[in-house]
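Residues per chain are reported as follows:
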Amino acid sequence: MTMNRRDLLRSSGGVAALAAAGLAAPRGAAAQARRMPAKWDRTADVVVVGAGASGFPAAIVARETGASVLLVEAQPHIGGHGICSGGNVPLGGGTSLQKKYGIEDSSDLVFRDLTDWSVVEPNGFPDYRFNDREIIRAFADNSVATFEFLVAHGVIFVDKAPDTLGGSAVGNSVPREAHAAVMNWATVQTGAPLDPAVQATTSSGNGLLRPLEAAAKKAGVEFLLEHRMVALHREKGGRVLGIEVDNRGRTVQIRARKGVVLATGGSSTNVNFRRMFDPRLTEELCGVAGQPYANQDASGELAAMAAGASLWGGYNQTGEFGSGLTKPGQIGSQYGYVNLKWMPGSPVFDKARASGLTVRDWQDVICVNMLGQRFYDETGRQFTSNNYKSIDPYTYANYRNAMNIKYNPNNWIDAALAGIGDGKNGGGAIWAIFDADAVAREKWDPNPPNVDISQGFFFKADTITDLAKKIVMKYQRVPMPPDALATTVARYNGFVDSGTDEDFGKPKPLYKIASPPFYAAWSMPVIHDTRVGLRINGSGQVIDMEGRVIPGLYSCGETAGGFSQHGLARATCQGYIAAKHVAAEKTSA
Ligand SMILES: Cc1cc2nc3c(=O)[nH]c(=O)nc-3n(C[C@H](O)[C@H](O)[C@H](O)COP(=O)(O)OP(=O)(O)OC[C@H]3O[C@@H](n4cnc5c(N)ncnc54)[C@H](O)[C@@H]3O)c2cc1C
């Protein structure tokens, strides 16, 4: 398709705004801000960027409304974090599943719950205080429709009463959590289906995403895999007309006649972006949940910012909410998220390199920082977040709710990120140290493919001092002093003798670290969610820095801001909302 005169007008202000914010535009964005493509390679009514939890509902709804739809995905596979997820979907408001099990809910109750300023977590952080009212109203009003849409498009939910297992920040009034059944789909973690005996009762993200993939194909959505959006094309001060995509080094220009929906999944792997909200999140936090299956590299946000978009709800990212930062479940591998263990059959195992050793009992290890010093009670966890009856008794918008929370100061994460006092940001590498007896108790096999020796996420030695000397890898920014590690281990062994951890109060330390060989396994906290993102209105339209709609640009899921809630309900529902509105737009020339 040849460009018309109007198409040739182009914004340049967005990239300047990015530069002022100290941010690099995504590759290609600066050039594209100055020059529209001479011709479009592909055209569709609606272009959805990102084939994950928000992108699929967006693509299907738009297509079923009659629009032609291109679904553009950076990875060679669909699903994003959504397919890696637990498939726990807290869509409430009076869904058919809630009704079946006699749970009374309404959109007004969802709205009230998710805007209640008085609700706090066990660390005192307020879950819902900074939620944007317009965005929550839209979510509340579309939650039931989204749930029924998922069911109508092949998602099978486990047939049991909605509960509170797996989601977070879903409100105090009623249980809302439904669970997508894994069914016969192969999981991305293992590459194989689960035992048929548990397929209808086990929750998994592939039980959500695979049926949606099938429904999208059936509806006639066209998929473009390995197409990574690098820039948006916007008329000067006007409409977004399309996107520029990188397809294995080849540039593809794609025109969107009604609009572009950004469903790119957030910013948690982009170190510079995430550090705008939390400077502690330096590069050694290199095993974000959902990686290496998909990245949340802020490419949607950066492209939209280059086109003039505003961010929204920054506190929601800075605050500490439940699993947003998580203690690892697996150690000795780069990717240690507790509910995502990569196994050799997985399609991304070559990128994950190792499964990690699942820690059953944190009494079996001590954790040390880069200087070989313990920093916390290893059995501690991160905070939990707010759910049905987390506050009991609960009264809407009553300041006394904050008094009915059981406070829990035990946060391993804050101690892990505290650093070594070298004046630098970020906590640096964290290592679990243990011995051969621990290996036997945990029934670990401390060899590849369980541990990642090749990239320096796991070390072994016959003495503690030799172990410290061996710990050389890119995130260990200072050498670990061998004597310091030996002193730490000797002191801890003394605590086992006395039965008291005088330093950090670990409940009755049980096991000495004394039987060679000795091991050091990567044990970093894991970043989970993105809760900051593009400013949108209730229709999912992206808003600029002056509060105006950017015509033809929509956003949903973790790429959108203003909504502090973990996961799939927000993503699926916002995809659904954005599609309803973009499909209703006039087709531009
Ligand atoms: C291990 C794990 C377990 C989870 N469990 C739950 C749970 O049980 N319940 C719950 O509610 N939530 C859960 N979540 C969170 C939930 O999966 C995410 O919030 C949700 O998937 C976000 O949807 P999204 O569409 O915004 O992003 P995603 O689902 O990640 O999809 C984004 C897609 O965009 C693609 N993309 C990114 N950039 C580009 C680009 N420039 N061009 C083209 N494509 C691009 C990505 O590759 C990806 O496929 C879990 C997450 C993880 C990682």
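Structural data are supplied above this passage.
Small disclaimer: the values here were computed from a predicted structure and weren't measured.

Caption draft 1: Looking closely at the overall build of the chain. The helix and strand tally for the chain stands at 17 helices and 20 strands. For a compact globule of 589 residues, the expected C-alpha radius of gyration is about 25 Å, and the chain comes in at 24 Å, within 12% of that figure. Seen along its three principal axes, the alpha-carbon backbone of the chain occupies a region of about 80 × 55 × 50 Å. Taking all 589 residues of the chain together, 62% fall into the buried category. The contacts in the chain between residues at least 6 apart in sequence include a share of 75% that link residues at least 24 apart. Here the chain has roughly 21400 Å² of accessible surface; of this, 53% comes from carbon and sulfur atoms.

Caption draft 2: Here's a closer look at empty space enclosed by the protein. Counted under the stated rule, the structure contains five cavities of 30 Å³ or more. Its volume calculated, the largest cavity comes out at about 210 Å³. For the lining of the largest cavity, the elements supplying multiple residues, two or more each, are helix H11 (314–318) and helix H13 (412–416). In terms of residue count, H11 provides more of the lining of the largest cavity than any other element does, three residues in total.

Caption draft 3: The site of the ligand, seen in detail. Near the ligand lie 39 residues; those nearest to it are Ser54, Glu73, Asn88, Glu558 and Leu568. Taking serine 299, its side chain carries an N or O atom lying 2.7 Å from a nitrogen atom of the ligand. Note that a nitrogen atom of the ligand is positioned 3.2 Å from one of the side-chain N or O atoms of histidine 566. At the level of elements, helix H4 (80–84), strand S6 (228–234) and helix H17 (568–583) are the ones that each hand at least two residues to the shell around the ligand. Among the elements that make up the shell around the ligand, the one with the highest residue count is H4 (four residues). A class-by-class count of the residues in the shell around the ligand yields 15 nonpolar, 21 polar and three charged.

Caption draft 4: Molecular detail of the environment of lysine 258. Here lysine 258 lies in strand S8 (residues 250–262). Judged by relative accessible area, which is 11%, lysine 258 ranks as buried. Counting along the chain gives 325 residues from lysine 258 to alanine 583, while the straight-line C-alpha distance between them is 6.9 Å. Every residue in contact with lysine 258, bar those within four places of it in the chain, is listed here: Asp45, Val46, Ala67, Arg239, Gly552, Val582, Ala583, Glu585, Lys586 and Thr587. At 3.1 Å, the side chain of lysine 258 forms a polar contact with the backbone oxygen of alanine 583.

Caption draft 5: Local environment of the sheet that holds strand S16 (residues 518–522). The sheet built from four strands is open, its strands ordered S13-S14-S16-S15 with antiparallel pairing. A strand with exactly one partner marks an edge of an open sheet, and here the two such strands are strand S13 (366–368) and strand S15 (458–461). Within the sheet, the average angular offset between the axes of one strand and its neighbour, ignoring direction, is 25°. Where S13 meets strand S14 (residues 431–435), three bridges bridge the pair, whose relative direction is antiparallel. What sits directly across from valine 368, in S14, is tryptophan 431.

Caption draft 6: Quick look at the state of the cysteines. If you walk through the whole model with that rule in mind, you get zero disulfides. Lacking any disulfide linkage, cysteine 286 is separated from the closest cysteine sulfur, that of cysteine 367, by 16 Å. Here cysteine 573 stays free of any disulfide, with the sulfur of cysteine 556 as its closest cysteine sulfur at 10 Å.

Caption draft 7: Examining the nonpolar core more closely. By size, the foremost hydrophobic cluster in this structure holds 101 residues, and its most contacted members are Leu232, Ile243, Val260 and Trp342. In terms of residue count, the dominant contributor to this core is H17 (10 residues). In this structure valine 260 touches Val47, Val49, Leu232, Val240, Gly242, Ile243, Gly552, Leu553 and Tyr554, once residues within four positions along its chain are discounted. One finds Leu325, Ile366, Phe434 and Met524 within the second-largest nonpolar core, a separate group that totals 55 residues.

Caption draft 8: Here's a closer look at the packing of helix H7 (residues 133–152) against H17. At their nearest, the axes of H7 and H17 sit 8 Å apart, and the two run at 90° to each other. Between H7 and H17, the angle is such that the two are roughly perpendicular. Here H7 contributes Ile135, Ala138, Phe139, Asn142, Ser143, Ala145, Thr146, Phe149 and Leu150 to the contact with H17, which in turn contributes Ala569, Arg570, Thr572, Cys573, Gln574, Tyr576 and Ile577. In the contact of H7 with H17, the residues fall into 10 nonpolar, five polar and one charged.

Caption draft 9: Highlighting the packing of helix H3 (residues 55–64) against helix H8 (residues 206–219). Between H3 and H8, the least distance of the axes is 9 Å, while the angle of their chain directions is 25°. If you check the angle between H3 and H8, you find them roughly parallel. Considering only the axes of H3 and H8, their crossing is left-handed. Residues Phe56, Pro57, Ile60, Arg63 and Glu64 of H3 form the contact with H8, whose participating residues are Leu209, Leu212, Glu213, Ala215, Ala216 and Ala219. For the contact of H3 with H8, a count of residues per class yields eight nonpolar, no polar and three charged.

Caption draft 10: Just the pairing of S16, in detail. Of all the five residues making up S16, five are buried; the element is thus mostly covered by neighbouring parts of the structure. The two faces of S16 match: Phe518, Ala520 and Trp522 on one face and Tyr519 and Ala521 on the other face are all buried. Pairing of S14 with S16 involves five bridges; the strand directions are antiparallel. Of the residues in S16, the one forming a bridge with alanine 432 is alanine 521.

Caption draft 11: Expanded view of the pattern of salt bridges. Evaluated as defined, the whole model comprises 30 salt bridges. Arginine 280 is paired through a salt bridge with aspartate 278; the nearest N and O atoms lie 2.8 Å apart. Salt-bridge contacts for arginine 360 lead to glutamate 442; the nearest nitrogen and oxygen are separated by 3.9 Å. Here arginine 360, found in the loop between strand S12 (357–358) and S13, pairs with glutamate 442, found in helix H14 (residues 436–442); they are 82 residues apart in sequence, far enough to count as distant. Within the structure, one salt-bridge network assembled from shared partners comprises Asp278, Arg280, Glu320 and Asp414.

What counts, and at which threshold
- Every chain is numbered independently, its residues counted from 1 as its sequence is written.
- With the structure being a predicted model, the display of local features is reserved for residues of pLDDT at least 70 and the display and counting of side-chain atom pairs for 80 or more, all residues being used for whole-chain, interface and lining totals.
- Side-chain metrics in this entry use all non-hydrogen atoms of the structure; hydrogen atoms and water are not considered.
- Numbering of helices and strands starts at the N terminus; helices are DSSP runs of H or I of at least 4 residues and strands are runs of E of at least 2.
- Put simply, the radius of gyration uses C-alpha atoms, and a globule should come to 2.2 Å times the residue count raised to 0.38.
- The rule is simple: take the accessible area with a 1.4 Å probe, protein chains only, and divide by the maximum for that residue type; under 20% is buried, over 50% is exposed, in between is partly exposed.
- Working rule for contacts: check all heavy atoms of both residues, and any pair within 4.5 Å makes them a contact.
- Note on areas: Shrake-Rupley with a 1.4 Å probe; residue coverage comes only from the protein chains shown.
- Put simply, the grid is 1 Å and covers the protein atoms alone, a cavity is a trapped set of points that fit a 1.4 Å probe, a pocket is an open set with protein on both sides within 12 Å along at least five of seven lines, and lining residues have an atom within 4 Å of a point.
- Grid points are joined across faces, edges and corners, and a volume is the space filled by probe spheres set on the points.
- One heavy atom within 4 Å of a molecule or strand is enough for the residue carrying it to be called near that molecule or strand.
- Contacts described as polar in this section are N or O atom pairs within 3.5 Å, which, within protein, must combine one atom able to donate a hydrogen with one able to accept it, while residues neighboring in sequence count only if both atoms come from side chains.
- Three classes are used: nonpolar for Ala, Val, Leu, Ile, Met, Phe, Trp, Tyr, Cys and Pro, charged for Asp, Glu, Lys and Arg, and polar for all others, with Gly counted as polar.
- Here, a strand pair is defined by DSSP locating no fewer than two bridges between the strands.
- Axis lines are fitted through C-alpha atoms, for helices just across the contact stretch, and the angle between N-to-C directions can take any value from 0 to 180 degrees.
- Any cysteine sulfur atom paired with another within 2.5 Å is treated as part of a disulfide.
- Residues grouped as a nonpolar core are buried Ala, Val, Leu, Ile, Met, Phe, Trp, Tyr and Cys residues, joined through side-chain atoms within 4.5 Å.
- Note that the term roughly parallel is reserved for angles under 35 degrees, roughly antiparallel for angles over 145, roughly perpendicular for angles of 65 to 115, and oblique for everything else.
- Note: crossing handedness is left-handed where the near helix turns anticlockwise from the far helix by less than a right angle, and right-handed where it turns clockwise.
- Every case where a carboxyl oxygen of Asp or Glu lies within 4 Å of a side-chain nitrogen of Lys or Arg is listed as a salt bridge.

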